[in-house]
Amino acid sequence: MKELLKFSNVKLTYQTLTDEIDALNNISFSINDCEFVAIVGPSGCGKTTILSLVAGLLSPTSGEIILDGKSPKEQSNLIGYMFQKDHLFEWRNIWQNVILGLELKKEHKNIDKLNKIDALLEKYGLKDFKKNKPSQLSGGMRQRVALIRTLATNPKLLLLDEPFSALDFQTRLTVCDDVHNIIKTEKKTALLVTHDISEAISLADKIIILSKRPSTVKKIKVLHLQDYGSPLKRRDAKEFRLLFDEIWRDIQYDESE
Amino acid sequence: MKANKNSISDSLDNEKEVLNKKKLCCLSKKKNLKQKDFSKAHTLYLKQISKEKRIIKISQIVILIILLGLWELTTQIGLLDAFYFSSPSRICVELGALFSSGEIFLHMWVTLYETLIGFAIATILGVFIAIILWWSERTRKILEPYIVVLNSLPKIALGPILIIWVGSGTSSIIAMCVLICIVITIISMLNSFLQCDNDKILLMKSMGATKTQILLKLILPYSIPDFISVLKITIGMSWIGSIMGEYLTSSEGLGYLIVYGGQIFELDLVMTSILLLCVLACGMYYIVAKLEARFRR
């Protein structure tokens, strides 16, 4: 499998007025094409910082990040970012929201790409809501629209920053299934940041466990739950509990240290 | 045994059917009841609301009539001197005279014109400056103390300087209007721009947006509701600006009429001008409020 993203010995230091904060310390890992990778770790360990680095919004203090052969700053076309909140623009209808990325790249008159988005909306049950305003949609639907907006520019790597944590538990499980299904069908690579261990286990092919700040990679756990199917079904796997305990202990042990 | 089983299942089926029927019955009953209940309570509720509305409207009108009546009565019986206090009937006579001579239209037009031009310039310039300050954080930080001083300064104090710099009459009145409105426009709009969710900006950036695109596609549309609230405030302030300006230097306009009437002790003229001013200002506020309702929809 082709390697899409590689972190080698990445270090990041924040400067503040009173202090120098080492957020990341010698982070190394790699992600292959079409892999779904989750990053978990104690709160405030710099999970989101890693996403910002991949998106090219920050530069590492030292070390190297290679995204599909180049540095992330030159590869902004390859990245799609999804946030905790859907951040749909209330003044635009659903259709105008999903074509935002194309509009920014001045490709919103490209019929091929527009047709592709149309197909996505139809495939994932949002076709009838094109003319609706975001406020008329449920939380789960809004998050699906946000994902399609992200997919509209055809990125290779999706960065998911706790995309489900703003939803209530019921919706969360179904949206989780939806999103996983969409990402796998569209053959995208995903890097998910979450504090929810069970979410990470149910979604990911590989889990990167970070230690507390300054964060290092504590463990990389490759999961083999793919055969169980959807995230919801993976939660029923007999290994699920064991994995949960193991990862929970890894994080907990670190915090009590 | 088998027959028994059958009969059991039969009876079970029967029971099910009966249950289903009961359920349906229950449901339909509930529905009916609910609807009846609902509509009864609902009509009562609606009645109460319209009653409350009527009470408020009637009270408002009654208060107005009482106030005007008291005013008229006290001046009629000589408790108040109509020379100093004018009276509703005298205002009506004055209104008739002013409108029949047609002169009042000029005064109303002049004040309206000054107010609208001042308001428009302040709004356009103010938003433009706010955009510049949003664009460059350094400029914003450098200019901050100046804006604070300008904001706290009573702009009327600059009146004499304005007259010397831009000349007496309409131009300095418009300048006064602009001065009064522009600072609040800049500060409010800048605040609104800066309040935009950082993650939304990050989202735009991650999609490769330029700063101009962030401004045009995110910041400006995001700020439209705030913009309309600012308009509601500045429209009132621009009336202050134009009337203040006319107090300082003018030979026409409603502000001029008020000052002139005061100087020659013609209180009927003063009161009538204030009344007309009220009507104009309310009209303009109403237009902005309508605009707001449209955008908030």
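None of the values given here were measured: they were computed from a predicted structure.

Cut-off values and rules
- Residues numbered from 1 in each chain as written.
- Chains lettered and ligands numbered in written order.
- Predicted model: local features only at pLDDT ≥ 70, side-chain atom pairs only at ≥ 80, totals over all residues.
- Heavy atoms only, no water.
- Contact = heavy atoms within 4.5 Å.
- Buried area = accessible area lost by both parts, 1.4 Å probe.
- Salt bridge = Lys/Arg side-chain N within 4 Å of Asp/Glu carboxyl O.
- pLDDT = per-residue confidence, 0-100.
- Helix = DSSP H or I, 4+ residues; strand = E, 2+ residues; numbered from the N terminus.
- Buried < 20%, exposed > 50% of the residue type's maximum accessible area, 1.4 Å probe, protein only.
- Pairing = 2+ DSSP bridges.
- Right-handed = clockwise from strand over helix to strand, strands pointing away.
- Axes fitted to C-alpha atoms, helices over the stretch in contact; angles between N-to-C directions.
- Polar contact = N/O pair within 3.5 Å; in protein donor to acceptor, adjacent residues only side chain to side chain.
- Disulfide = S-S within 2.5 Å.
- Left-handed = near helix turned anticlockwise from the far one by under 90°.
- Parallel < 35°, antiparallel > 145°, perpendicular 65-115°, else oblique.
- Nonpolar A, V, L, I, M, F, W, Y, C, P; charged D, E, K, R; others polar.

*Asks:* Any chance you could explain the interface of chain A and chain B here in plain terms?
*Replies:* Note on interface size: it is often stated as the accessible area lost on association of the parts. With 18 residues of chain A in contact, the opposing surface of chain B contributes 15 residues. For chain A, the biggest contributors to the area lost against chain B are His-87, Trp-91 and Leu-104 of chain A; these three give 37% of the whole. Put simply, chain A and chain B have two salt bridges between them. For the salt bridge of Asp-197 of chain B with Lys-85 of chain A, the shortest nitrogen-to-oxygen distance reads 3.5 Å.

*Asks:* I would appreciate a short explanation of the confidence of the model for chain B in the present structure.
*Replies:* Should pLDDT be low for a region, the predicted coordinates there are not to be read in detail. Residue and element names in this part refer to chain B. Summary statistics for chain B give a mean pLDDT of 86 and a share of 87% for residues scoring 70 or more. Mean pLDDT across the elements of chain B bottoms out in helix 1 (residues 2-76) (70) and peaks in helix 4 (residues 103-135) (94). Across residues 1-12, where pLDDT falls below 50, the model places zero contacts with residues more than four positions away in sequence or in other chains. Counting interchain partners and residues more than four positions distant, the pLDDT-below-50 stretch residues 21-35 has two contacts.

*Asks:* Teacher, can you tell me more about the pairing of strand 7 (residues 189-193) of chain A here?
*Replies:* Within a regular strand, the side chains alternate between the two sheet faces. Residues and elements named next belong to chain A. Of all the five residues making up strand 7, five are buried; the element is thus mostly covered by neighbouring parts of the structure. Side chains Thr-189, Leu-191 and Val-193 of strand 7 all project onto a buried face; the interleaved residues Ala-190 and Leu-192 project onto the opposite face, where all are buried too. Strand direction decides the pairing type here: strand 6 (residues 157-161) and strand 7, joined by five bridges, are parallel. Within the sheet, the bridge partner assigned to Leu-160 lies in strand 7 and is Leu-192. Considered for its hand, the β-α-β crossover made up of strand 6, helix 6 (residues 169-185) and strand 7 is right-handed.

*Asks:* Hey, could you run me through the sheet that holds strand 1 (residues 3-15) of chain A in this one?
*Replies:* The pairing of strands in a sheet happens through backbone hydrogen bonds and is either parallel or antiparallel. Residue and element names in this part refer to chain A. Taken in spatial order, the three strands line up as 2-1-4 in an open sheet, and their pairing is antiparallel. Looking at which strands have only one partner, the edges of the open sheet turn out to be strand 2 (20-32) and strand 4 (62-67). When the angles between neighbouring strand axes are averaged without regard to direction, this sheet yields 20°. With nine bridges connecting them, strand 1 and strand 2 associate as antiparallel partners. Counterpart to Phe-7 in the pairing with strand 2 is Phe-29. Seen against the sheet, helix 1 (residues 47-54) touches strand 1, strand 2 and strand 4 and runs at an angle of roughly 115° to strand 1.

*Asks:* Help me out: how do you make sense of the side chain of Ser-273 of chain B in this one?
*Replies:* Residues and elements named next belong to chain B. Note that Ser-273 resides in helix 11 (residues 267-296). A polar contact is formed between the side chain of Ser-273 and the backbone oxygen of Leu-269, at a distance of 2.7 Å. If sequence neighbours within four positions are ignored, Ser-273 has contacts with Leu-254, Leu-257 and Ile-258.

*Asks:* Explain the state of the cysteines here, please?
*Replies:* Think of a disulfide as a covalent bridge from one cysteine sulfur atom to another cysteine sulfur atom. One pass over the full model with this rule turns up zero disulfides over all chains. Counting only cysteine sulfurs, Cys-176 of chain A is the nearest neighbor of Cys-34 of chain A, a cysteine outside any disulfide, at a range of 19 Å.

*Asks:* Looking at this model, I keep getting lost on the sheet that holds strand 7 of chain A. Mind explaining?
*Replies:* All names here are of chain A. Strand order in the open sheet formed by six strands is 5-6-7-3-8-9, with mixed pairing between adjacent strands. The open sheet has two edge strands with one neighbour each: strand 5 (79-82) and strand 9 (217-222). If you compare each strand with its neighbour and ignore which way they point, the axes differ by 15° on average. Bridging between strand 5 and strand 6 involves four bridges; their strand directions are parallel. Paired with Tyr-81 across the bridge in strand 6 is Leu-159. Along the sheet, helix 5 (residues 139-151) makes contact with strand 5 and strand 6, crossing strand 5 at roughly 165°. Across the sheet, helix 6 lies against strand 3 (36-40), strand 6 and strand 7, angled at about 135° from strand 3, the strand it touches most.

*Asks:* Which parts of the structure should I look at to understand the packing of helix 4 of chain B against helix 7 (residues 170-195) of chain B?
*Replies:* A pair of packed helices can be characterised by two numbers: the angle between their axes and the separation between those axes. Contact pair helix 4 of chain B / helix 7 of chain B: the axes reach a minimum separation of 6 Å and the direction vectors enclose 35°. Helix 7 of chain B is crossed by helix 4 of chain B, and the crossing has right-handed handedness.

*Asks:* In this structure, what is going on with the confidence of the model for chain A? I would like to understand it.
*Replies:* In the predicted model, chain A carries a mean pLDDT of 85, and 98% of its residues have values of at least 70. Considering each helix and strand of chain A separately, the mean pLDDT is smallest for helix 9 (residues 238-256) of chain A, with a value of 78, and largest for helix 2 (residues 94-98) of chain A, with 92.

*Asks:* What should I look at first to understand the environment of Phe-244 of chain A in this one?
*Replies:* Residues and elements named next belong to chain A. Locating Phe-244 in the fold gives a position in helix 9. Accessibility expressed as a relative area gives 28% for Phe-244, which makes it partly exposed. Phe-244 sits 44 residues away from Ala-200 along the chain, and the two C-alpha atoms are 9.4 Å apart. Setting aside chain neighbours within four positions, we find Phe-244 in contact with Ile-197, Ser-198 and Ile-201.

*Asks:* Is there a simple way to think about the packing of helix 6 (residues 159-166) of chain B against helix 7 of chain B in this case?
*Replies:* All names here are of chain B. The interhelical angle for the contact between helix 6 and helix 7, taken along N-to-C directions, is 130°, at an axis separation of 9 Å. Compared by their axis directions, helix 6 and helix 7 come out oblique. By crossing handedness, the relation of helix 6 to helix 7 is classed as right-handed. The segment helix 6 lies against helix 7, with Gly-159, Leu-162, Ile-163 and Val-166 engaging Ser-171, Ser-172, Ala-175, Met-176 and Leu-179. Here the residues of the contact of helix 6 with helix 7 are counted per class, giving six nonpolar, three polar and no charged.

*Asks:* What is the right way to read the pattern of salt bridges from this model?
*Replies:* Oppositely charged side chains are able to pair whenever their charged atoms sit close together. All names here are of chain A. A full pass over the atoms with the stated rule returns 22 salt bridges over all chains. For Asp-68, the salt bridge identified is with Lys-156, shortest N-O distance 3.3 Å. Note that Asp-68 is positioned in the loop between strand 4 and strand 5 and Lys-156 in the loop between helix 5 and strand 6, a separation of 88 residues in sequence. By relative accessible area, Lys-156 is classed as partly exposed at 33%. Through salt bridges with shared partners, one network takes in Lys-219, Lys-221, Glu-246 and Asp-250.

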